Amino acid sequence: MAIATPILAYAGLSFRKDLKEFRKLSWRIVVISIVVYTGTFVLSTLIAEFGFRLTGKFH
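The model shown is predicted, which means the values in this text are computed figures rather than measured ones. (Residues numbered from 1 in each chain as written. Predicted model: local features only at pLDDT ≥ 70, side-chain atom pairs only at ≥ 80, totals over all residues. Heavy atoms only, no water.)

**Details of the overall build of the protein chain**
Using the following cut-off: Secondary structure elements are taken from DSSP: a helix is a run of H or I of four residues or more, a strand is a run of E of two residues or more, and numbering for both begins at the N terminus. For this measure, only C-alpha atoms enter the radius of gyration; the expected value for a globule follows 2.2 Å times N^0.38, where N is the number of residues. Here's how the labels work: a residue is buried when its accessible area is under 20% of the maximum for its type, exposed when over 50%, partly exposed in between, all with a 1.4 Å probe on protein chains only. Note on areas: Shrake-Rupley, 1.4 Å probe, and residue coverage restricted to the protein chains presented here.
When you go through the protein chain residue by residue, the secondary structure sums to three helices and zero strands. The linear arrangement of helices and strands in the protein chain, starting from the amino end, is α-α-α. In terms of overall dimensions, the protein chain is more spread out than a globule: its C-alpha atoms have a radius of gyration of 18 Å, far above the 10 Å expected for 59 residues. With respect to the principal axes defined by its C-alpha atoms, the protein chain has extents near 50 × 30 × 10 Å. Relative to its 59 residues, the protein chain shows a buried fraction of 0%. As presented, the protein chain carries roughly 5,800 Å² of accessible surface, and 75% of it is formed by carbon and sulfur atoms.

Pasting the structure below:
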């Protein structure tokens, strides 16, 4: 966690220069973010499920 703090701080500071571009995306970026996060979660769950069933640790 110690290394994540400066990385997130830098990301927050660098976001300022792209604020005008971010405003142009408006609601579309929210929809895309939700789809990406949901897809990542579902795919990770399916991979874990397959791994558990393959090893026999999940009944």
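**Thoughts on the environment of serine 26**
Topologically, serine 26 is positioned in the loop between α2 (19-25) and α3 (27-55). Spatially, the C-alpha atoms of serine 26 and valine 42 are 26 Å apart, while their sequence positions differ by 16 residues.

**As for α3**
Helical periodicity: at 3.6 residues per turn, an α-helix aligns residues three or four positions apart in one direction. The condition that has to hold: How far a helix is expected to stretch is found by multiplying one less than its residue total by 1.5 Å.
Helix length check: α3, at 29 residues, gives a terminal C-alpha distance of 43 Å against a target of 42 Å (1.5 Å per residue), a fit within 8%. Phi for glycine 56, located one or two positions after α3, is positive at around 80°.

**Section: the pattern of salt bridges**
The condition is simple: By definition here, a salt bridge exists when the distance from a side-chain nitrogen of Lys or Arg to a carboxyl oxygen of Asp or Glu is within 4 Å.
In this structure the tally under the stated criterion is one salt bridge. In this structure, the salt-bridge partner of arginine 53 is glutamate 49, at a minimum N-O distance of 2.7 Å. Taken together, the positions of arginine 53 and glutamate 49, both in helix α3 and four residues apart, correspond to about one turn of that helix. Exposure remark for arginine 53: the relative accessible area of 52% places this residue in the exposed category.

**Description of the confidence of the model for the protein chain**
In plain terms, the rule: pLDDT is defined as a per-residue confidence score from the predictor, taking values between 0 and 100.
Of the residues in the protein chain, 97% have a pLDDT of 70 or more, and the chain-wide mean is 83. The element-level mean pLDDT for the protein chain is lowest in α2, coming to 77, with α3 highest at 90.

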